[in-house]
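This is what each chain is made of:
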Amino acid sequence: MNTKENPTSSQQIELSPEETPVSVYDLTVAYHRKPVIWDVSFEIPPGKLVGIVGPNGAGKSTLIKAIMGLIPKASGRVQIFGKPYQKNRHRVGYVPQRESVDWDFPVDALDVVTMGLYKEIGWCLPVRKKHRARAMEALERVGIADYAHRQISQLSGGQQQRTFLARALVQNADLYLMDEPFAAVDAATEKAIVQILQEMKQAGKTALVIHHDLQTVPEYFDYVILLNMRVIDHGLTEDVFTPENLQKTYGGRLTLLEEATETMRRREQSL
Amino acid sequence: MRPFVLVLLFAMFWPECMIFAASDHSEVQSQSSITDRRIDIPEWNDWKRVFLLEDYNTRIVVFGTTLLGMAAGMIGSFALLRKRALMGDALSHATLPGIAIAFIIATGLGLDGKALPVLLVGAAVSGLLGVATILLIRNMTRLKEDAALGIVLSVFFGAGIALLGIVQQMKTGHAAGLESFIYGKTASMVASDAWLIGCAGLSCMLISILLNKELTLLCFDEGFSVSRGFPVVLLDMTLMGLVVVVTIIGLQAVGLILMISLLVIPPLAARFWTEKIVNMTMVAIILGALSGMIGSAMSAIFPNLPSGAMIVLVATAMFLFSMIFGIPRGILIRKLRRYELNRKVNRQHLLRGLYEFLEARGRLKEKQSSESTFVPLSKLLQMRSWSPAKLKKIVKRAQQEQLVVTLQEDQIRLTKAGLLEATRIVREHRLWELYLITYADVAPSKVDQDADAIEHVLEPEVIAELESLLVQQSTEGVLQSPHTIEIHQEEIKARHSSRRRST
């Protein structure tokens, strides 16, 4: 795992670094001397929907945050389209966890989406009509334009999640990093998010999505990273998402294992 | 409960001052120390002089404190939303030793030790030192920020008091008046001070207007802000710097103990009136300005009362008013909404009860005038845990809305409009129930949204799906309840018991 040459990606068509949305080499992150992720290395191909799967505390959020430099790396290197994140930041859209903010904040949904444009608008300049129009378009895309002027605590959980998604969409990025967008959302929101992910894929964009529902992994993602402090395996879903790998990721936890076996059985039946 | 406590505190402050003043009457009049709280009842002319700003000095003081209040309201909004309000409190307490040391150094150098700029520089230095100590304690040890705040606040303030004691003993220069920084005293403000305060306040406001976008994003979602490449640490320091400046320039008028309230109270009061950050800042600016203006004018009328207390009391009065009467977040409007919700729920229960009563007996389709559509109140009482008096009230209200008609012997029936409304309510209720069952995992977050119109909350596809489910279960086109209706069971029970009795 420590070698820079990656076994899985070398089997595929070689990509130039500029075409690789995310490449992570030997990434280690520690909180208070305790490592959270160890020697994580992977590359993801462009235009794929990538699921990051692993048990609680496996370091999924940490990985995403470390990719964006939100938390310091103990060691390792991360490249976004062949450059450090700081150089290619404008090509990355981030959808944080819904719980990460105080929803009682005095702003409405449209304001939140407009925040995705603040960097583009530039320092000290006001938000203009065209920016609000673009934010409105993004809200329409996620299907909650009717709630644009609601204070954000009056939105349902699914609508809040969609607001965050719209804030990332409005940037028109090439790579999207999403931290549990499917956590505690209603069926309609889940459907809407999946549809948007598909649209992204068709437009040649890449999404790196933390996901916790093993049942839907084969359905939603073409590519999977199995993470439990270190990368267990990564690659195309049909190659990597196997019961053996899941057992390695989740350990001998019975319920999860059963769940996974069940998923795999159903997949085989459908094939 | 809380408002009453605050009112009580508010009321208590006044008589106490009066009592204090009365007992102090025999003291030497020339003493201008903070302990002299003698109050003369001002004459009409004094009021006129102050409120028409006839005095040059009053004008200056009111002008300065108004700008101070505006700046504090604006910067306070951001500090509050960034959850840094207590940091401002620690900071203002930590300025005291700096004031004393600046005085000692300045008099030692033969300068005017009581020149405002000199003292404020000292205050700023030791205030920043205090904040740095807090951050240092927080980052180096495992102590939480509140503990660090507590330590720094009290230690610096204690050191300041001790230094002030030393300063009083000094032979060089008379230190009297330095204590006014503790409680605030506008009387010692001169034109140049007011200009300094005004200009600094305006600059703070200008900076936060320019950085409005960036500060808003920082306060709302720090992680996203970092991911977009905003220099969060720098922005945080800028915000802290603005808080420092506002605190420092407020020391003379408001005093270091009460300065935090001018930063916190106007934005908090403003929050009751709006859900938009821009409006909140605007209202906070206005409330801050009014507090500064009225408070300093009052202290010009009562020169022996600390102006800080005056300003804070004015701000608090506005806060109380906002908390009670604010729309859309005040107490009254929320109570009113709750009351209306309860009324609505009761009305719906009544209509649903009537509908289900008729439905269970198959009398829904019968003519409105026929006697079989009458429902005795006693049956309704059995269905809900209403007291007879409460039910009477609910029925009376429904009658006023022309949804039901009361007949003799405690019998009521639905009007045409009532039946329509009841049908709608029952349909929606059953859709909700079905939704709860079908989407049990996510439903609670949606159902509590207080929307009686299901189509405003759920997506059309979901409703269509639920409706088809309901229709599947029913045969006659009437939407059936997904669980057996209670009356139904009651009747079965009743039939059982009567059968048992007959056998």
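Going by the structure above, here's the rest.
Residues numbered from 1 in each chain as written. Chains lettered and ligands numbered in written order. Predicted model: local features only at pLDDT ≥ 70, side-chain atom pairs only at ≥ 80, totals over all residues.

Engineer: Teacher, can you tell me more about the overall build of chain A here?
Structural biologist: Summing up its helical and strand segments, chain A has 12 helices and nine strands in all. In chain A, buried positions account for 44% of the 271 residues. Expressed as a percentage of contacts within chain A between residues at least 6 apart in sequence, the contacts between residues at least 24 apart total 70%. (Helix = DSSP H or I, 4+ residues; strand = E, 2+ residues; numbered from the N terminus. Buried ≥ 20, exposed ≤ 12 C-beta atoms within 10 Å, placed from the backbone. Contact = placed C-beta atoms within 7 Å.)

Engineer: How should I be thinking about the packing of helix H13 (residues 259-271) of chain B against helix H15 (residues 307-325) of chain B in this particular structure?
Structural biologist: Residue and element names in this part refer to chain B. One can describe the packing of H13 onto H15 by two numbers: an axis separation of 9 Å at closest approach and a directional angle of 20°. In this view, H13 runs roughly parallel relative to H15, as classed from their interaxial angle. Handedness of the crossing formed by H13 with H15: left-handed. Two secondary-structure elements touch here, H13 through Ser261, Leu262, Ile265, Pro266, Leu268 and Ala269 and H15 through Ile311, Val312, Ala315, Thr316, Met318, Phe319 and Ser322. Class assignment for the residues of the contact of H13 with H15 results in 10 nonpolar, three polar and no charged. (Axes fitted to C-alpha atoms, helices over the stretch in contact; angles between N-to-C directions. Parallel < 35°, antiparallel > 145°, perpendicular 65-115°, else oblique. Left-handed = near helix turned anticlockwise from the far one by under 90°. Nonpolar A, V, L, I, M, F, W, Y, C, P; charged D, E, K, R; others polar.)

Engineer: Help me understand the sheet that holds strand E2 (residues 404-407) of chain B in this model?
Structural biologist: Through backbone hydrogen bonds, the strands of a sheet pair up, either in parallel or in antiparallel fashion. Residue and element names in this part refer to chain B. The sheet built from three strands is open, its strands ordered E1-E3-E2 with antiparallel pairing. Pairing within the sheet leaves two strands with one partner each, and these edge strands are strand E1 (375-376) and E2. Across the sheet, helix H18 (residues 388-400) lies against E2 and strand E3 (411-414), angled at about 120° from E2, the strand it touches most. (Pairing = 2+ DSSP bridges.)

Engineer: I'm lost on the interface of chain A and chain B in this one. Help?
Structural biologist: Size of an interface: often given as the accessible area lost when the parts come together. Listed as interface residues are 25 residues of chain A and, on the opposing side, 27 residues of chain B. At the level of elements, helix H5 (118-121) and helix H8 (187-202) of chain A are the ones that each hand at least two residues to the side of chain A that touches chain B. The residue makeup of the side of chain A that touches chain B, split by class, is 17 nonpolar, four polar and four charged.

Engineer: Could you clarify how one ought to interpret the sheet that holds strand E3 (residues 49-53) of chain A in this entry?
Structural biologist: Residues and elements named next belong to chain A. The six strands lie next to each other as E5-E6-E7-E3-E8-E9, forming an open sheet whose pairing is mixed. Edge positions in the open sheet fall to strand E5 (92-95) and strand E9 (230-236), since each of these has one partner strand only. Averaged over all pairs of adjacent strands, the angle between strand axes in this sheet comes to 15°, irrespective of strand direction. In the packing of helix H11 (residues 243-250) onto the sheet, the strands contacted are E3, strand E8 (223-228) and E9, and the crossing angle to E9 comes to about 155°.

Engineer: Can you help me understand the packing of helix H5 (residues 96-108) of chain B against helix H7 (residues 145-169) of chain B in this one?
Structural biologist: The description of two packed helices rests on the angle between their axes and on the distance between the axes. Residues and elements named next belong to chain B. Closest axis-to-axis distance for the H5/H7 pair is 7 Å, and the angle between their directions is 30°. With respect to H7, the element H5 is oriented roughly parallel. In the packing of H5 onto H7, the handedness of the crossing is left-handed. Contacts between H5 and H7 involve Leu96, Pro97, Ile99, Ala100, Ile101, Phe103 and Ile104 from the former and Phe156, Phe157, Ala159, Gly160, Ile161, Leu163, Leu164 and Val167 from the latter. Each residue belonging to the contact of H5 with H7 can be placed in one class, and the counts come to 14 nonpolar, one polar and no charged.

Engineer: What's the story with the nonpolar core in this structure? I'm lost.
Structural biologist: General note: in soluble globular proteins, nonpolar side chains tend to be found buried as a group. With 177 residues, the main nonpolar core has Leu177(A), Ala71(B), Ile75(B) and Val246(B) as its most contacted residues. Top element by residues in this core is helix H3 (residues 56-81) of chain B. It accounts for 14 residues. When residues are assigned to domains, this core turns out to be shared by domain 1 (59-264) and domain 2 (336-488) of chain B, each giving three or more. For Val246(B), the contacting residues outside a window of four places in its chain are Ala71(B), Ala72(B), Ile75(B), Gly201(B), Cys204(B) and Leu263(B). (Core = buried A, V, L, I, M, F, W, Y, C linked by C-beta atoms within 7 Å. Domains from an automatic or database assignment.)

Engineer: How should I be thinking about the pairing of E8(A) in this particular structure?
Structural biologist: Along any regular strand, the residues point their side chains to alternate faces of the sheet. All names here are of chain A. Extensive coverage of E8 is indicated by the burial of five of its six residues. Examined bridge by bridge, E3 and E8 share four bridges and lie parallel to one another. Pairing of Gly51 across the sheet is with Val224, part of E8. In terms of strand pairing, E8 meets E9 through six bridges, oriented antiparallel. When the sheet's bridge partners are listed, Leu226 is paired in E9 with Asp233. Counting the residues between successive antiparallel strands, the hairpin from E8 to E9 contains one residue, one of them, Met229, with a positive phi of roughly 65°.

Engineer: Explanation requested: unusual backbone geometry in the structure shown.
Structural biologist: Leave glycine aside and you will find that most residues have negative phi; peptide bonds, for their part, are mostly trans. In this structure, Pro328(B) follows Ile327(B) across a cis peptide bond, with omega equal to 15°. Examined against the element boundaries, Pro328(B) turns out to sit in the loop between H15 and helix H16 (331-360). For Glu180(A), which is not glycine, the phi dihedral falls at a positive 50°. The residue Glu180(A) is located in the loop between strand E6 (175-178) and H8 in this model. Glu180(A) gets classed as buried once you count the C-beta atoms within 10 Å, which come to 22. A positive phi is found at Gln402(B), a non-glycine position, where the angle reads about 60°. Note on placement: Gln402(B) falls in the loop between H18 and E2.

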